[in-house]
Amino acid sequence: MELSKEKFILTREIKADKETVFKAFSEAEALAQWWGPAGMPITEMTLSFEPNGKFHYKLEGNNQVMWGLFVYKKISSPDVIEYVSSFADEKGNVCKSPFPIDFPLEVYNQLTFEEHNGITKLTLKAHPINATEEQVTAFVDLTASMEQGFSGTFKQLEAYLSKK
């Protein structure tokens with residue numbers, strides 16, 4: 001993991017062509033199979049995969065319920081997906097983290113897909129936007145936890161793609 005003052009960067013190599021990997025991020029049926037922390041499957045979602053479209057989802061497990069929201073900003077198939085992620089309520093309104101920390105309300109994410117010899121290098125870059133200094137500090141302080149969480153999610157993506 002590479003980390004600048006306010007940026008989270010995670011790279012993973014996936015044994016699939018980039019069109020297949022990109023598609024796993026763009027279809028509700030696929031996302032339902034792998035997105036989210038291990039042990040917290042998606043139980044409800046709406047997806048409008050287009051610029052200004054939204055991915056609103058509910059995760060349940062480990063005696064927890066969480067809602068998330070992506071607002072897509074840029075989609076360039078099969079190379080780039082950019083979106084703002086937030087915690088949300090059941091109606092899709094941005095809300096504070098369900099955890100007792102002052103986490104940023106909005107995080108800008110960029111996913112890039114690069115293929116070499118049938119292996120896709122997936123890179124996630126994320127940074128807080130419209131955040132207070134305290135929220136930026138919370139984001140930076142949680143990067144090790146975010147690395148662990150996203151690594152687990154991308155492991156689920158690899159398992160999903162290996163069945164295709």
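These figures come from a predicted structure and were not determined experimentally.

**Thoughts on unusual backbone geometry**
In step 1: Here the residue pair Ser77 and Pro78 is connected by a cis peptide bond, since its omega of -5 degrees sits within 30 degrees of zero.
In step 2: Examined against the element boundaries, Pro78 turns out to sit in the loop between strand 5 (64-76) and strand 6 (80-88).
In step 3: A positive phi angle, near 55 degrees, is found at Asn117, a position not held by glycine.
In step 4: The topology assignment puts Asn117 in the loop between strand 8 (106-116) and strand 9 (119-129).
In step 5: We classify Asn117 as exposed; its relative accessible area is 81%.

**Things to note about the nonpolar core**
In step 1: Among the nonpolar cores identified, the biggest contains 37 residues, and Phe25, Trp34, Trp35, Leu111, Phe154 and Leu157 are the most heavily contacted of them.
In step 2: Among the elements that make up this core, the one with the highest residue count is helix 4 (residues 143-162) (6 residues).
In step 3: Residues within four places of Leu157 in sequence aside, it is in contact with Ile14, Val21, Ala24, Phe25, Trp34 and Leu122.

**Comments concerning the pairing of strand 9**
In step 1: Inspection of the sheet shows strand 2 (residues 8-14) paired to strand 9 by 7 bridges, in the antiparallel sense. From the neighbouring strand, Arg12 faces strand 9, where its bridge partner is Leu122.
In step 2: Across 11 bridges, the pairing between strand 8 and strand 9 is antiparallel. Along strand 9, the bridge assignment pairs Phe113 with Leu122.
In step 3: Here strand 8 folds back onto strand 9 in antiparallel fashion, the turn holding 2 residues, of which Asn117 has a positive phi close to 55 degrees.

**Some remarks on helix 4**
In step 1: Across its 20 residues, helix 4 extends 28 Å between first and last C-alpha, which sits within 8% of the 28 Å expected from 1.5 Å per residue.
In step 2: Turning to helix 4, its buried residues are Thr143, Met146, Phe150, Thr153, Phe154, Leu157, Tyr160 and Leu161. Summarising the axial view, the buried residues of helix 4 lie within an arc of 105 degrees, below the 170-degree limit, and thus occupy one face. Summarising the geometry of helix 4, the exposed residues directed more than 90 degrees from the buried face are Ala144, Gln148, Lys155 and Ser162.

**Comments concerning the packing of aromatic side chains**
In step 1: Scanning all chains against the criterion turns up 20 aromatic pairs.
In step 2: Between Phe25 and Phe113 the ring centres are 5.6 Å apart and the planes differ by 75 degrees, which places this aromatic pair in the edge-to-face class. Residue Phe25 is located in helix 1 (residues 18-26), and its partner Phe113 is located in strand 8; the two are separated by 88 residues in the primary sequence. When sorted by exposure, Phe25 lands in the same class as Phe113, which is buried.
In step 3: The interplanar angle of 75 degrees and the centroid separation of 5.0 Å between the aromatic rings of Phe49 and Tyr72 together place this pair among those described as edge-to-face. With Phe49 in the loop between strand 3 (42-47) and strand 4 (54-61) and Tyr72 in strand 5, this residue pair connects regions lying 23 residues apart in the sequence.

Calculation notes
- Residues numbered from 1 in each chain as written.
- Predicted model: local features only at pLDDT ≥ 70, side-chain atom pairs only at ≥ 80, totals over all residues.
- Heavy atoms only, no water.
- Helix = DSSP H or I, 4+ residues; strand = E, 2+ residues; numbered from the N terminus.
- Buried < 20%, exposed > 50% of the residue type's maximum accessible area, 1.4 Å probe, protein only.
- Core = buried A, V, L, I, M, F, W, Y, C linked by side-chain atoms within 4.5 Å.
- Contact = heavy atoms within 4.5 Å.
- Pairing = 2+ DSSP bridges.
- Expected span 1.5 Å × (residues − 1).
- Arc of directions from axis to C-beta.
- Phe/Tyr/Trp six-rings, centres within 6.5 Å; stacked < 30°, edge-to-face > 60°.

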